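Report on the structure
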Amino acid sequence: MRAIFQLFDLDNSDPELSREQFRSFQGHIPLLYGILLCNTVAITVTAFDRQHFARTLFSPLAICVFVIVRAIWWLRQGSAKQFDDAQIARHLGRTCAVPVVMTLIFNLWVVWVFQDAGAYARSNLTFFLALSQVSTVFCLMTLRAAAMRVAVVSTVSFALYFSWVEGGQLLPQSLVLCCVCGGMAVVTHSFNRSFSEVVQSRRTLHNRQLETEKLSEKNRRIAFSDPLSGLANRRELLARLDRFDEHQHLRADSLAIIFFDLDGFKQVNDEHGHQAGDELIRTVCHRLLEQCPGHAILARVGGDEFTVLLEADDGTDGAEAVALMLATRLLEQMALPVLVDRHVLQISGSIGIASNTDEKAHPRELLRRADMAMYHAKTQGKAQIAIYNEELDQGRLRSIEIEGQIGSGLGRGEFDIAYQPIIDAASGAIVATEALLRWPRRAQGSLPPDEFIEVAEATGQIHSLGLYVLERACRDIGKLPGLGLSVNVSPAQFRHPGFEGQVLNILRRTGFPPERLQLEMTESYLLTNPGLAIRATQALRAAGISLALDDFGTGFTSIHYLKSYGFTHIKIDKSLLNGLEPGSKAAMLVSGAILLASALDMNVIAEGVENETQAHVLRALDCHEMQGYLFGKPVPLSEFRRFLAPFGDLEEHAPGLRLVR
Ligand code: C2E
Ligand code: CA
Ligand code: CA
């Protein structure tokens, strides 16, 4: 019984099903009203009687007007989207009621007309009435409650009336209609079930589709972003660059790439662990993001490499100028200390910029160019900005070539060391020698050290080269007792965590006394990594090794500052000796440096002394040691020994070696 009642019950528990039912009605109900209109007109034409205007004209007219108004209402509803769930439920509720009332009114009207109609009109009336009922039920089929209610109300009223009228002559028709109605109820019920199943499976499909979309969006995000920083990754950057290429004709200088590489990131990882490295990356990303304009795309394209993709706004500066301004700000930000794992780190970045100034450059090519410019900035000393130009390409190719040759050259013993004497200014005695690297047996011809050392520093090959020089020189000069040895050390070597240990190892292996060794370094390392530099210099000093600041006068370091690093010597750069004459400006400058260094217990070595005037002034200014072509050029060991030979057997007379001038 309950199941039967449920057939007539309007179920609004599934809003989506209700929405679908409503949507189907938007097509079916105007059709239903159309059929009803046709039937009403047909009955009116069949049964029109001048004597019964109310029954055969006004009543059908009223029905037609109502039917047209309702049909228009449904046609004007547009999409179901404009209604919320409650409104749709209300409309469906009304749809369950209105057709029932309509059916009753229609049936009553037909019965009313039937009474006075002729035999022909009567058969027409029953035909149209049955037709109306069947079509109403079919049109309402998607909403079971409405279809069932209409079916029962119309059948019951029809059957009751027609089994009674004319002495039960129409009883068979009534029974047939009841059977048709029963059949329709069954069809409606099963159709309704399939309809809700279709809606249900469509919903499941839709949900699955949403889930798949969400999943693929998530995958896309993972594939195109960097998990640590959340920034775009290299793949995303390349995809964006390709999109530029596909869709746009780019104006010249409208697109620029800033390539940013952290200096010394590897070292932070090595010394403080990967967590600290990650923390540093996050801090850097945060700083970069803060500086980047909204339309710029910041990407992390490698461990410590970032890019900013910039488009120039119309009417403003070109992309290259905008990028340069931004890059300057980025460098300033990077110079601020970073607190990582309770350590204050001083980092810097090397920046390369490339823009499509020549219009021909493919956006991906810009990335390569910016990378190359960055590489150039790195080799020029850290914390620099370089803008791409074509010469860099040739320079890079040459660097790659030299890089390969250094590797094989070391294996084949192509390198040598030249020794240049360092003399005591007061006595003229050779007190030490500077070891200078040479590459005489390079297959492609000899290269000046400045050139290949720059490459070796950038590629990291300086570590093996530096250790080779130190070991060779210790063995060579170890045989000349009493003679000091000065060896150049690159900032890159110093940054290597095991550097101090490696130096001490070599001293142990070669038996070279640490007190006779002096390491020369330039100030660039001190400025980029003060904390680490102090630790390394102190360890070396503790072992008894002297430290000299090379090329003094070309940088900004104050002598006081140097003292705190444990430097024992400063080497005045040869450029300061230009025009060094008594009373000259150069003499005042050198004098100031010597006085201050002496006051701080540091010795001063003047390098690049080429003439007697310079030597004379330096002696007068109490410079401690001198080095330069005047006393001897860098020469191979055999020559260096010959050079010392006039002063007897070195091994016996050291350190009393004297150079007669
Ligand atoms: P530096 O350390 O400043 O070396 C001094 C340079 O000045 C040497 O050039 C030397 O030949 C040159 N020189 C010496 N006396 C005079 C002079 O009176 N007049 C002039 N005009 N020049 C003079 P070199 O040998 O070409 O070395 C150039 C640079 O290469 C060195 O500059 C140093 O920075 C680097 N270098 C050389 N050997 C090594 C090495 O074994 N390791 C490292 N890390 N760097 C090295
Ligand atoms: Ca030097
Ligand atoms: Ca020097």
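Everything quoted here is computed from the prediction, not taken from an experiment.

**Some remarks on the packing of aromatic side chains**
Across all of its chains, the model carries 20 aromatic pairs by this definition. Their ring planes at 65 degrees and their centres at 5.3 Å tell us that Phe 127 and Phe 128 sit as a pair that is edge-to-face. Of the residues examined, Phe 127 reaches a relative accessible area of 48% and is grouped as partly exposed. On the accessibility criterion, Phe 128 (16% relative accessible area) is buried. Seen in terms of ring centroids, Trp 439 and Phe 452 are 5.3 Å apart; in terms of plane orientation they differ by 80 degrees. Their pairing is edge-to-face. Here Phe 452 lies in helix α14 (residues 449–459) and Trp 439 lies in the loop between β9 (430–438) and α14, a separation of 13 residues in the sequence. By relative accessible area, which is 0% here, Phe 452 ends up buried. An aromatic cluster is built from Phe 22, Phe 25, Trp 73, Trp 74 and Phe 83, whose rings are joined through pairwise contacts. Sitting above the plane of the Trp 439 ring, Arg 442 keeps its charged end 5.3 Å from the centroid.

**Brief notes about the pattern of salt bridges**
A full pass over the atoms with the stated rule returns 25 salt bridges. With its nearest N and O atoms 2.9 Å apart, the salt bridge here joins Asp 242 to Arg 364. Highlighted residues: Asp 242 in helix α8 (residues 234–247) and Arg 364 in helix α12 (residues 363–379), separated in sequence by 122 residues. Assessed through its relative accessible area of 23%, Asp 242 is described here as partly exposed. Taking the relative accessible area as the measure of exposure, Arg 364 reaches 37% and is therefore partly exposed. Linked by salt bridges that have partners in common, Glu 365, Arg 368, Arg 369 and Asp 393 make up one network.

**A few points about the site of ligand 1**
Taken together, the neighbourhood of ligand 1 is formed by 21 residues, with Gln 420, Arg 438, Lys 574, Glu 610 and Tyr 629 sitting nearest. Here a nitrogen atom of ligand 1 and a backbone polar atom of Leu 437 are 3.0 Å apart. Contacts to ligand 1 include Asp 551, whose side-chain N or O atom sits 3.3 Å from an oxygen atom. Protein chains bury 85% of the 790 Å² of accessible surface belonging to ligand 1 in isolation. Considering each element in turn, the shell around ligand 1 owes the most residues, four residues, to β9.

**Focus on the packing of helix α6 (residues 144–164) against helix α7 (residues 171–224)**
Helix-helix packing is described using two parameters, namely the angle between the two axes and the distance between the axes. Where α6 meets α7, the closest approach of the two axes is 9 Å, and the angle between their N-to-C directions is 175 degrees. Taken together, the axes of α6 and α7 lie roughly antiparallel to each other. Contacts between α6 and α7 involve Arg 144, Ala 147, Met 148, Ala 151, Thr 155, Phe 158, Ala 159, Phe 162 and Ser 163 from the first element and Leu 171, Ser 174, Leu 177, Cys 178, Cys 181, Ala 185, Thr 188, His 189 and Asn 192 from the second. Its residues placed into classes, the contact of α6 with α7 shows eleven nonpolar, six polar and one charged.

**Brief notes about the coordination of the calcium ion (ligand 2)**
Looking at the metal site, the calcium ion (ligand 2) is ligated by Glu 434 (OE), Asn 488 (OD1), Glu 520 (OE) and Asp 550 (OD), spaced 2.1 to 2.3 Å from it. Written as a sequence motif, the donor residues of the calcium ion (ligand 2) are E-x53-N-x31-E-x29-D. Separating the calcium ion (ligand 2) from the calcium ion (ligand 3) is a gap of 4.0 Å, which Asp 550 spans by donating to each of them. Residue Glu 434 is found in strand β9, and its partner Glu 520 is found in strand β11 (residues 517–521); the two are separated by 86 residues along the sequence.

**Concerning helix α4 (residues 85–116)**
An α-helical turn contains 3.6 residues, so a residue and the one three or four places further along point in the same direction. Spanning 32 residues, α4 covers 48 Å between terminal C-alpha atoms, matching the ideal 46 Å at 1.5 Å per step. Two or three places before Ala 86, at the start of α4, stands the capping residue Asp 84, its side-chain oxygen 3.2 Å from that residue's backbone nitrogen.

**Let's talk about the coordination of the calcium ion (ligand 3)**
At 2.0 to 2.8 Å from the calcium ion (ligand 3) lie its protein donor atoms, namely Asp 550 (OD), Asp 551 (OD), Glu 607 (OE) and Glu 607 (OE). Counting residues between consecutive donors of the calcium ion (ligand 3) along the chain gives the motif D-D-x55-E. When its relative accessible area of 25% is taken as the criterion, Asp 551 is described as partly exposed.

**Points about the confidence of the model for the chain**
Mean pLDDT over the chain works out to 86, with 93% of the residues at or above the 70 mark. Between residues 648–661, whose pLDDT stays under 50, and residues either more than four places distant or in other chains, the model counts 31 contacts.

**So, the pairing of strand β8 (residues 416–424)**
A regular strand places its side chains so that they alternate between the two faces of the sheet. Among the nine residues that make up β8, seven are buried, leaving the element largely enclosed by the rest of the structure. Relative to β9, β8 runs antiparallel, the two sharing eight bridges. Residue pairing for β9: Ala 418 is matched across the bridge by Leu 436. Between the end of β8 and the start of β9, which pair antiparallel, lie five residues, with Gly 428 showing a positive phi angle near 80 degrees.

**As for the nonpolar core**
In this structure, Leu 485, Leu 517 and Leu 519 are the most contacted members of the largest nonpolar core, which totals 74 residues. Among the elements that take part in this core, helix α15 (residues 462–478) stands out by supplying seven residues, more than any other. In contact with Leu 517, not counting residues within four places along its chain, are Leu 470, Leu 485, Val 487, Val 503, Leu 507, Phe 512, Ile 545 and Ser 546. Grouped together as the second largest cluster of nonpolar side chains are 47 residues, Phe 114, Leu 125, Leu 129 and Val 165 included.

About the cut-offs
- Residues numbered from 1 in each chain as written.
- Chains lettered and ligands numbered in written order.
- Predicted model: local features only at pLDDT ≥ 70, side-chain atom pairs only at ≥ 80, totals over all residues.
- Heavy atoms only, no water.
- Phe/Tyr/Trp six-rings, centres within 6.5 Å; stacked < 30°, edge-to-face > 60°.
- Buried < 20%, exposed > 50% of the residue type's maximum accessible area, 1.4 Å probe, protein only.
- Helix = DSSP H or I, 4+ residues; strand = E, 2+ residues; numbered from the N terminus.
- Lys NZ or Arg CZ within 6 Å of the ring centre and 35° of its normal.
- Salt bridge = Lys/Arg side-chain N within 4 Å of Asp/Glu carboxyl O.
- Near = heavy atom within 4 Å.
- Polar contact = N/O pair within 3.5 Å; in protein donor to acceptor, adjacent residues only side chain to side chain.
- Areas by Shrake-Rupley, 256 points an atom, 1.4 Å probe, with all protein chains shown as cover.
- Axes fitted to C-alpha atoms, helices over the stretch in contact; angles between N-to-C directions.
- Parallel < 35°, antiparallel > 145°, perpendicular 65-115°, else oblique.
- Contact = heavy atoms within 4.5 Å.
- Nonpolar A, V, L, I, M, F, W, Y, C, P; charged D, E, K, R; others polar.
- Donors = N, O, S within 2.8 Å, 3.2 Å for Na, K, Ca; no water.
- Expected span 1.5 Å × (residues − 1).
- pLDDT = per-residue confidence, 0-100.
- Pairing = 2+ DSSP bridges.
- Core = buried A, V, L, I, M, F, W, Y, C linked by side-chain atoms within 4.5 Å.

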